[in-house]
Amino acid sequence: MSDPQPSPPSWLPRQQIVLAQLASGIIDYAQQIAAGGSFRLPYPSNLQLSLDRLTLLAWQQGAPAPTGVVDLLQLAEQPFGDWKINLVEADVDPDESLLAYGRPTVTCEELGSLRGDVEGEIRENALMRAVMDKARAADAPGSYVAFRELLIRHPAITALDLDTRLAEPDLALLASEVRDAYRPAPPEAIADGVVRTCRGCNGLRLPLDDDRTWVCQDETCPAPGTAGVDHPAAEGVWWLRRELRTFITAPGRAELRIADTLTGLTVPVRLWPDFDACDIAVFDERPWVADIKAWRNPLRLAHRLRQRLFTVPAEAEKAFIVIGKEQVHAHPRYLERLRKACPEVRRGQRVVAVSEAEFVRTVRERAEVSAA
Ligand SMILES: [Zn+2]
């Protein structure tokens, strides 16, 4: 029998909080570099604060502390399993790291809460709020859906294509917001007079340092190696703002894929019904509702779900948390770990966590029964 764990001293920062702060600091730092070309001091405050707190953790564990911010950024490139500082209480896996090739990873964005918490971002993002308010005021749920669908299907788009789409009634209502969502393709995306796109996600491909290898910028792209259409730069190419690519486009791919599959089964499907009450509602009578989650790490998703599970409408017969197939494939035992860490979504509960494949299969079974 082991002794009960002594409680940590009160001055010791919680590992989860330190990592969240470090992740936010790294994201701020990366954004400053992306915006300004080169970096100027001071470092973002989250980076400095997390260095101080990580130093406390290291002292308490008798581990070497990072010697400064530069050292901290080098540490961030290493998988957590290689850190000398023990992070067993944080929701991370040993093979995850915060930075890869100098860019924040999905893990970093999840920890810094930029990715994963789509609902939170939509509530807090000024543009998404404006879209929601305008669509609500006009009682135009179709416009809200068209806006989100455009952002997911076309993270990059030519000026002509965008103008054509804005002539459609649903999007015309939100024309100024749509224009605000996009920025001109950056200079580094243009070479030999063309802008290169990715067929996997319809986003842009940018050059690596060698200026010859063109890579997709979306870490969660389903087919990052495949070349898409080359657009002449002179015709004008728009690229979705980074934060929208992160919290609308990337998680939205699974939402649209599932909706497309179910529509193919001739089942009535509504995306983001009632202005985003949930991600998807299936069947008109006794509807089934679902939130579709694209968190890389089941422990971090569990943490979030324990804080806030979505509100199931009274008329819904069943409610699901659906895990996208990319996440299920990338992480063995994803659902098992999720259910263990979050008993609120186990079988028998009001909201049940299932894989994308399981969700589609269950919907198909009900559709077949009612058709028989
Ligand atoms: Zn891509």
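Criteria and thresholds
- Residues numbered from 1 in each chain as written.
- Predicted model: local features only at pLDDT ≥ 70, side-chain atom pairs only at ≥ 80, totals over all residues.
- Heavy atoms only, no water.
- Pairing = 2+ DSSP bridges.
- Helix = DSSP H or I, 4+ residues; strand = E, 2+ residues; numbered from the N terminus.
- Axes fitted to C-alpha atoms, helices over the stretch in contact; angles between N-to-C directions.
- Donors = N, O, S within 2.8 Å, 3.2 Å for Na, K, Ca; no water.
- Tetrahedral: all angles 85-135°; square planar, octahedral: opposite > 155°, others 65-115°.
- Phe/Tyr/Trp six-rings, centres within 6.5 Å; stacked < 30°, edge-to-face > 60°.
- Buried < 20%, exposed > 50% of the residue type's maximum accessible area, 1.4 Å probe, protein only.
- 1 Å grid on protein atoms, 1.4 Å probe; cavity = no way out; pocket = protein on both sides within 12 Å on 5 of 7 lines; lining within 4 Å.
- Points joined across faces, edges and corners; volume = space filled by probe spheres on them.
- Nonpolar A, V, L, I, M, F, W, Y, C, P; charged D, E, K, R; others polar.
- Domains from an automatic or database assignment.

Enquirer: With reference to specific residues and values, describe the sheet that holds strand E15 (residues 351-355).
Expert: Taking strand neighbours across the sheet as the criterion, the five strands line up as E11-E12-E13-E14-E15 in an open arrangement whose pairing is mixed. Across the chains shown, the open sheet's two edge strands, defined by having one partner strand only, are strand E11 (269-271) and E15. Adjacent strand axes in the sheet meet at a mean angle of 25°, parallel and antiparallel pairs treated alike. Here strand E12 (residues 280-282) runs beside strand E13 (residues 288-293); their pairing, made up of three bridges, is antiparallel.

Enquirer: Describe the sheet that holds strand E6 (residues 194-198), listing the residues and the values that go with them.
Expert: Pairing is antiparallel in the open sheet, where three strands are placed in the order E5-E6-E9. Both outer strands of the open sheet, strand E5 (190-191) and strand E9 (227-232), are each paired with one neighbouring strand and no more.

Enquirer: Tell me what's going on with the coordination of the zinc ion, and back it up with residues and numbers.
Expert: Bound to the zinc ion are the protein donor atoms Cys198 (SG), Cys201 (SG), Cys216 (SG) and Cys221 (SG), situated 2.2 to 2.3 Å from the metal. Around the zinc ion, the four donor atoms are arranged such that angles at the metal cover 101 to 116°; this shape is classified as tetrahedral.

Enquirer: Before we move on, can you summarise the packing of aromatic side chains with the specific residues and values?
Expert: A ring pair, where both rings are aromatic, is described by two values, the distance of the centres and the angle of the planes. With the rule as written, the count across this model stands at six aromatic pairs. A ring pair is formed by Trp288 and Phe320, whose centres lie 5.6 Å apart and whose planes are at 55°; its orientation type is tilted. With a gap of 32 residues between them, Trp288 in strand E13 and Phe320 in strand E14 (residues 318-323) connect regions that are remote in the sequence. Residue Trp288 shares its accessibility class with Phe320, and that shared class is buried. With a centroid separation of 5.2 Å and an interplanar angle of 65°, the aromatic rings of Phe320 and Phe359 are classed as edge-to-face. Placement of the pair is Phe320 in strand E14 and Phe359 in helix H16 (residues 356-371), with a sequence separation of 39 residues. An aromatic cluster is defined as three or more aromatic residues linked by ring pairs; in this entry it consists of Phe283, Trp288, Phe320 and Phe359.

Enquirer: I'd like a description of the layout of surface pockets, backed by residues and values.
Expert: Any space left empty among the atoms is revealed by the rolling of a water-sized probe across them. Within this model, the largest pocket holds a volume of roughly 1700 Å³. Lining the largest pocket are 47 residues, and of these Ala34, Arg103, Leu206, Gln217 and Arg242 lie nearest its centre. By residue number, the principal contributor to the lining of the largest pocket is helix H1 (residues 15-36), which donates seven residues. In the lining of the largest pocket, the residues fall into 25 nonpolar, nine polar and 13 charged. Looking at which domains feed residues into the lining of the largest pocket, each of domain 1 (15-111) and domain 2 (118-244) gives three or more.

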